[in-house]
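Residue-level structure breakdown
So you can see what is in the structure, the chains are spelled out below.
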Amino acid sequence: MAETSPKIKIMAGAAPDLSAATFQIFDESHTIGNALRWMIMKNPKVEFCGYSVPHPSENLIQLRIQMYDGLSSLNALLEALTNLDAVCEAVENKYHASLATNDYERWEERS
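What this report covers is the structure whose coordinates are included nearby. For every chain, the first residue of the written sequence is number 1, and numbering continues from 1 onward in sequence order. Where totals are concerned, whole chains, interfaces and linings use all residues; where local detail is concerned, this predicted model gives features only for residues with pLDDT of at least 70, and gives and counts side-chain atom pairs only at 80 or more. Working from all heavy atoms in the structure, the side-chain values ignore hydrogens and water.

1. Quick word on the overall build of the chain
Secondary structure elements are defined from DSSP: runs of H or I of at least 4 residues count as helices, runs of E of at least 2 residues count as strands, and each element is numbered from the N terminus. Check the secondary structure of the chain and you find two helices and four strands. The globule rule used for comparison is 2.2 Å times the number of residues to the exponent 0.38, while the radius of gyration itself is calculated over C-alpha atoms. Taken over the C-alpha trace, the chain has a radius of gyration of 18 Å; the compact-globule value for 111 residues is 13 Å, which it surpasses by more than 25%. By principal-axis analysis of the C-alpha atoms, the chain measures approximately 60 × 35 × 30 Å. The buried share among the 111 residues of the chain stands at 25%. A total accessible area of about 8,200 Å² is found for the chain, and carbon and sulfur atoms account for 53% of it. When charges are counted, Lys and Arg are positive and Asp and Glu negative, with His and the chain ends excluded. The location of each charge is read from NZ of Lys, CZ of Arg, CG of Asp or CD of Glu. Of the charged side chains in the chain, 9 are positive and 15 negative; the average position of the first set lies 4 Å away from that of the second. The classification of residues rests on relative accessible area computed with a 1.4 Å probe and restricted to protein chains. Under 20% of the type maximum is buried, over 50% is exposed, and intermediate values are partly exposed. We get accessible surface area from the Shrake-Rupley algorithm with a probe of 1.4 Å; when it comes to residues, only the shown protein chains can shield them.

In structure tokens:
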């Protein structure tokens, strides 16, 4: 059986209470990094959030979260992931509802 690797890893140097931590998220890029940073920064309890792609050949992002008042950055990350999933689901539902009306412009390519 193939060994599975974790999707998210907390990097060394995190605060003991996780009020500040850097997370490595594997198999992701700027697409999720920027959306996740935006969602995390909507939380007023977050002091700082930023992400980076360490190197183009590495398929991972590093996400730094710092919280006010010693709150958990892990909880902020989990909340942001849940909220981002809800936004994506709402967009998908609106798209399918719009598609079902069959009222959209059609374009046919002629060769």
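Additional details are given in the paragraphs that follow.
2. Regarding the side chain of Asn-43
Within the secondary structure, Asn-43 is located in the loop between α1 (30-41) and β3 (46-52). On the basis of relative accessible area, Asn-43 is assigned to the buried category, the value being 12%. Aside from chain neighbours lying at most four places away, what touches Asn-43 is Ala-76 and Glu-79. Note on contacts: a residue pair qualifies if any of its non-hydrogen atoms lie within 4.5 Å across the two residues.

3. Quick look at the packing of α1 against helix α2 (residues 73-100)
Interaxial distance between α1 and α2 falls to 9 Å at its minimum, and their mutual angle equals 110°. By the angle class used here, α1 and α2 are roughly perpendicular. For the pair α1 and α2, contact is made by Ile-32, Ala-35, Leu-36, Met-39 and Ile-40 and by Ala-76, Leu-77, Ala-80, Leu-81, Asn-83, Leu-84 and Val-87, respectively. Under the scheme applied here, ten amino acids are nonpolar (Ala, Val, Leu, Ile, Met, Phe, Trp, Tyr, Cys and Pro), four are charged (Asp, Glu, Lys and Arg), and all others, including Gly, are polar. Taken together, the residues of the contact of α1 with α2 break down into 11 nonpolar, one polar and no charged. Only the contacting stretch of a helix is used when fitting its axis, a line to C-alpha atoms as for every element, and angles between N-to-C directions run 0 to 180 degrees. Convention used here: angles under 35 degrees read as roughly parallel, angles over 145 as roughly antiparallel, angles from 65 to 115 as roughly perpendicular, and any remaining angle as oblique.

4. Let's talk about α1
Because the α-helix completes a turn every 3.6 residues, residues three or four places apart line up on one side. In this model, α1 (12 residues) spans 16 Å end to end at C-alpha, consistent with the 16 Å of a helix rising 1.5 Å per residue. Burial in α1 covers these residues: Gly-33, Leu-36, Met-39 and Ile-40. Down the axis of α1, the smallest arc covering the buried residues is 140°, so these residues share one side. Among the structural elements, β2 (20-26), β3, β4 (60-67) and α2 are those in contact with the buried residues of α1. Helix span is expected to be 1.5 Å times the residue number reduced by one. Along the arc lie the directions from the helix axis toward the C-beta atoms.

These results come straight from atomic positions and should not be treated as a statement about function.
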